[in-house]
Amino acid sequence: MASLVFLLAQVYRHKFTYLAGILAIFATNWMAVTIPGYLQRAVDLLSLGTGGLGEKKADLAHALGMILMLALAVILARTLSRVLFFNPARTIEFEVKQELFDKLTHLEKNYYDQTDTGSIISRLQNDITGLRLLCGFGVMQVFNILTSLSLTPYKMWSLSPSLTMYCVLPLILSFGLVKLGIGLIVQHSKNRQSFLQAISGFIVSALSGVDVVKGFGLEKWTTKRFQEQNLSLVDETLRISLVRSFMMPVLNNLEHILKVLVLLVGGLAVINGEFTIGQLTEFIAYAGLLTHPIMGLGWLSTLYQQGLVGIESLKTILRQETPKKHLPRLAEPEKDHLFRSGLTVKGLTYRYPGAEQPVIQDLHFELKPHQSLGVLGKIGAGKTTLVNCLNGYLQIEPGQVFLGDKDLTALNPKDLRQRVRTVTQDIFLFSQTVTQNILFGSHPTETPNLDDLIYKSALSEEVSRFPLKMETLVGERGIMLSGGQKQRISLARALAAPCDLLILDNVLSAVDYETERFLLEQILKRETAQSLMIVSHRVRALEGADLILVLDQGRIVQAGVHGDLVNQPGIYKEIWELQNQGDRG
Amino acid sequence: MAKLKTTDLKLFKFFLTFVKPYKGWVWLALLAMPFAIGSTLAMPWLIVKVIDEKLSHHDLTGFWGLIGLMALSVLVGYFADGVYTYSLQRTGQKSIADLRIAVFRHCLALPRSFYDHNPVGKVLSRLTSDMEALGESLAMGVLNLISDFVKTLGLFFFLLYLSWKLTLVVVVILLPVWGVTVVLKKKLRQTFNEAREALAEATAYLAECLIGIKTVQLFAAEEKVLTQFNRKNFRFLQAQNRNNTYDALLYSLIEGLTSVAMAALIWYGAGLILVGVVSIGVLVGFINTLNRIFVPIREFAQQLAMIQRAFSALEQVMVLLSEPLPQENRLSEAQERQLGGFESLVFDQVSFGYGKAGELALKKVSFSLEKGQRVALVGATGSGKSTILRLIYKAYEGYQGSIRLNGIELSTIPRSKMLALTSLMQQDVYLFNEPVGFNIALGLELSPEAIREAAQAVNADPFIEALPGGYDFKITDNGKNLSSGQAQLVSFARSMAKPADLVLLDEATSSVDSITEEAIQKATTRIFETKTVIAIAHRLSTIEHSDLILVMKGGEIIERGTHPELLAQRGYYEQLLNHLTQEQPLEEAKALGS
């Protein structure tokens, strides 16, 4: 029901186009049934023979002229009717895709943790087709059937009520059988759709990691997995085609079944002299006319069922809630003041959904404007989790993190992320040009100085060696670049838009020491961000921070400045010594 | 036009190769066809017989028999149609499934450089929506086209038998209809290809945005990507709308032309009737059959549009399949034996550039290493270190100069062989959506103990044990449910589990903290003792124990030697070390090194 409401709402938005389409289809059908009338007249005139035709020649010419004109008008009307139904369906497809995409960009981490990308893509590609067909061909068929199905039964009844009644039973029986077939088709289509989603997901995953697949000789395993999924897809398709081949054609044969029936019952009546051959022929002709819209109806319900399956699947995305999207936006001056008194973290604890142990526990610290904060810790200490709590990527409880006097959970993520920028360790670049990637996060009206940016990100020299300089395509997910280049482009991307707090989550791991030092120098100038938070494994990157936190198993075990920490026994000192020893050999 | 046709023929022949294994089903369909056609022809004949012989004479004898025959012919027709449709659909679907596997295999075999220019989303389109289009058009288009064609041909002969003159009129009208069909067909294919291309692009962008959703959200770029997506999607909408218009025009034109043909037939027929050549009955018969001949032609246009779709899809698939695979040389048995294990590797004057326009990433690089040696590559970012590794594991081909493995030129060694011989650890992590244990063992048949051992070697065992389900913990979407460091450790453990002689380290531990790294280094020292190692390193402790250090700058090796030798040269290496050991006086570093 809800799916039907959704469908009608989509159609309603284009009511005028559809209305024009309905007019066009009425015109088409009206003209199409008018043509046989003129045809009848022309044939009647011819049957008058040589003698009768002489003075009626003008009438014949008129009838033929009308056929010609109507034929040309029908071409126009029919083209229009199809365009007027199919094009709004395409527009609906476009609009729903837009809505879905908008929703998807606002969905949060927990949604993406549960849903794999391939299946989302499959929904936007395959399920939407069901909706489109329903909005285009489906709606058109409804009116097509309505027009053609209104006259025929009336004509049949007026010829012979009893014979009409005989036709009802096979009609109902075959329609019932076809309905059953449709039920099976819908059920198998649903299965098939999920197999298709699974196979899409597998393709994306296998081809993204094609080098690993080859490197470990996994071609056989991958192909086998693919083959299994492919087989279940084909099997399901064939089950559908079995129903299509043997159950659905019952409707196609309805015309013949009715003919046999009418010839049997009507024929007996003719032999008994109760019915004429002419009436019988006429009745058979009507029976033939009847099967067409009924067939259309059967087909329409298939389309309808499949469309609903698609809509249902699309709605699983649209139904997802994005409460944060509707949080009130701040006014410009308010936004500018957001970070005036810095960041306060009071007893921050975070537990991943479903996990027993919290990843970070009871963290307290403050970061004032114009200060820098360093975070050090071993793998799994909770560093990245902390970062993701501060930039709103993870959903934290209210009352734990404040920007100025505002609770972080009450802020619209857009406001928050315009003031707090993060460079993540898992870098994602779009398969666009270097420029487009760097300008990704900045407002279209702002034009930052690109030369300056790539200089600050230590990219100038390498960019000058790229074949198309700044317009070089970086390849899918930046595959053309080295790890260090990707890190620096993502750094440039963060520097391209000014913000209050810049968080660098272990982002300089793949650059050499010389470059790292240069970059730190540039970042520490804080030309674009007033405050900094640097997460790193390297003590050297943190030494200059105004406050350094050492995390271990989700807790702050040490806090202070470099000078103090190196003189305390603890993780910081341990790591510092290891790194220095490593450097010294 | 002729050119298009030969393409179609080529595509058709290409598809036939996939149909071949299922020719039994095709025969079954062909067997069912005469029955289907026979029953369609029997019906009108039986009706005429019933009306003329029984009804008009009010004769009941034999009436039941004729009706029984009619019922039988309906039944036979129904089953014959069913068998025909099902066996051909089965053939089609099975062939498509085989084609899909062939394309997938091809995609797996394609070189890395292919994916540099072709996003996975686009390839996905070929493997899913193009295949769907193919199956759909096979089911709806080709099948009906064949049976309609045979039936129309039968009716055409029936018309010829009635009156060849009137048939000529039909032919005269059919010719321009055909012409229009051909023109519109071409337009249809153009717009369809355009739409498909636009759709593939929009889908690829969608895939990117979804994979990079975190980046999109953290940069508050939701609106920006939506605008971009809409732009691509709008291009698809426009192309599709143009396609719709041509499609509708084609459909309606042919429908309308039927009526035009009727008028022409009557006009011409009137003259014939007046001179007594044709009877009214024949003309009426003609007009009625005309419907039955033009409707298939209209359907024919629809089916053609469907088949166009199939051909476009097939064309795209074939383009993908014709992407050249890296030439895999067959090795002679002697060479196979020679490559049984790693012995030596020689770079002789090797140059390499990525794009055609780009500068050379390597310029005349020469070095060699023997079994058991450790080589370290040092230099600033972008100096060509990674390129050397990429050439060795054959991610890229087409180098100049000579690279010889155990004396065999690298370009003649199949990539699969090379990948089997080497174990690569890189920064980029790729994990399967499978349990952790599977991700470590991958293709190898490893016991749980061996998997655990590999994990222990890189210090990954403790965190894996702590995961829910331990080694059975299922990884999702390339390790999204692990931290980056953890993901790197899993991928590292995987490389340790692989029994390869030559180990390539591409800053494998960059996402790992120092304490963990220290532990890894200790654990791997033992394993690396028996192996040959080429490492890209920034860490002095990794570098200084190397048997050979290659110092790279701008794609060239500018210095080489052992740590003490290089220090003694007081050159670029010393400068690099200076930066490496910022805080310590150089003298101290030198003293420690020598």
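Residues numbered from 1 in each chain as written. Chains lettered and ligands numbered in written order. Predicted model: local features only at pLDDT ≥ 70, side-chain atom pairs only at ≥ 80, totals over all residues.

Per an unreviewed UniProt entry, chain B goes by the name Multidrug resistance-like ATP-binding protein MdlB.

With an unreviewed UniProt entry as reference, chain A is termed ABC transporter ATP-binding protein. Taken directly from UniProt, the Subcellular location (unreviewed entry) text for chain A runs: "Cell membrane". (UniProt positions renumbered as here; feature names shortened; annotations may be inferred.)

Asks: It is not clear to me how the overall build of chain B should be interpreted in this structure. Could you clarify?
Replies: Of regular secondary structure, chain B possesses 22 helices and 10 strands. Within the span of chain B, comprising 594 residues, buried residues form 45% of the whole. (Helix = DSSP H or I, 4+ residues; strand = E, 2+ residues; numbered from the N terminus. Buried ≥ 20, exposed ≤ 12 C-beta atoms within 10 Å, placed from the backbone.)

Asks: Got a minute to help me understand the nonpolar core in this structure?
Replies: In globular proteins that are soluble, nonpolar side chains generally tend to be buried together. Counting residues in each nonpolar core, the largest one holds 284 residues, and the members touching the most others are Ile 67 of chain A together with Leu 206 and Ala 493 of chain B. Broken down by element, the residue count for this core peaks at 20 residues, all from helix H3 (residues 49-106) of chain A. Aside from chain neighbours lying at most four places away, what touches Leu 206 of chain B is Phe 101, Ile 121 and Leu 124 of chain A together with Phe 229 of chain B. Ranked by size, the runner-up nonpolar core spans 24 residues in total, among them Leu 163, Met 248, Leu 263 and Ala 287 of chain A. (Core = buried A, V, L, I, M, F, W, Y, C linked by C-beta atoms within 7 Å. Contact = placed C-beta atoms within 7 Å.)

Asks: Explain the environment of Gly 82 of chain B here, please?
Replies: Within the secondary structure layout, Gly 82 of chain B lies in helix H3 (residues 63-109). Taking the C-alpha atoms as reference points, Gly 82 of chain B and Ala 29 of chain B, separated by 53 residues in sequence, lie 9.3 Å from one another. Among all residues touching Gly 82 of chain B, those that are not within four sequence positions of it are Ser 245, Phe 246 and Pro 249 of chain A.

Asks: Looking at this structure, how should I read the interface of chain B and chain A?
Replies: Size of an interface, as often reported, equals the accessible area lost when the parts are brought together. At the interface, 142 residues of chain B touch 132 residues of chain A. If you tally residues by element for the side of chain B that touches chain A, the top one is helix H9 (residues 222-274) of chain B, at 28 residues. The residue inventory of the side of chain B that touches chain A, partitioned by class, reads 71 nonpolar, 48 polar and 23 charged. (Nonpolar A, V, L, I, M, F, W, Y, C, P; charged D, E, K, R; others polar.)

Asks: Explanation requested: the pairing of strand E4 (residues 400-405) of chain B in the structure shown.
Replies: It is a general feature of regular strands that their side chains alternate between the two faces of the sheet. All names here are of chain B. Inspection of the sheet shows strand E1 (residues 344-353) paired to E4 by five bridges, in the antiparallel sense. Counterpart to Phe 347 in the pairing with E4 is Ile 403. Direction of pairing for E4 relative to strand E5 (residues 408-409): antiparallel, over a ladder of two bridges. Bridge assignment links Leu 405 to a residue of E5, and that residue is Ile 408. Taking the residues that link successive antiparallel strands as the turn, the E4-E5 hairpin has two residues, and the phi of Asn 406 there is positive, at about 50°. (Pairing = 2+ DSSP bridges.)

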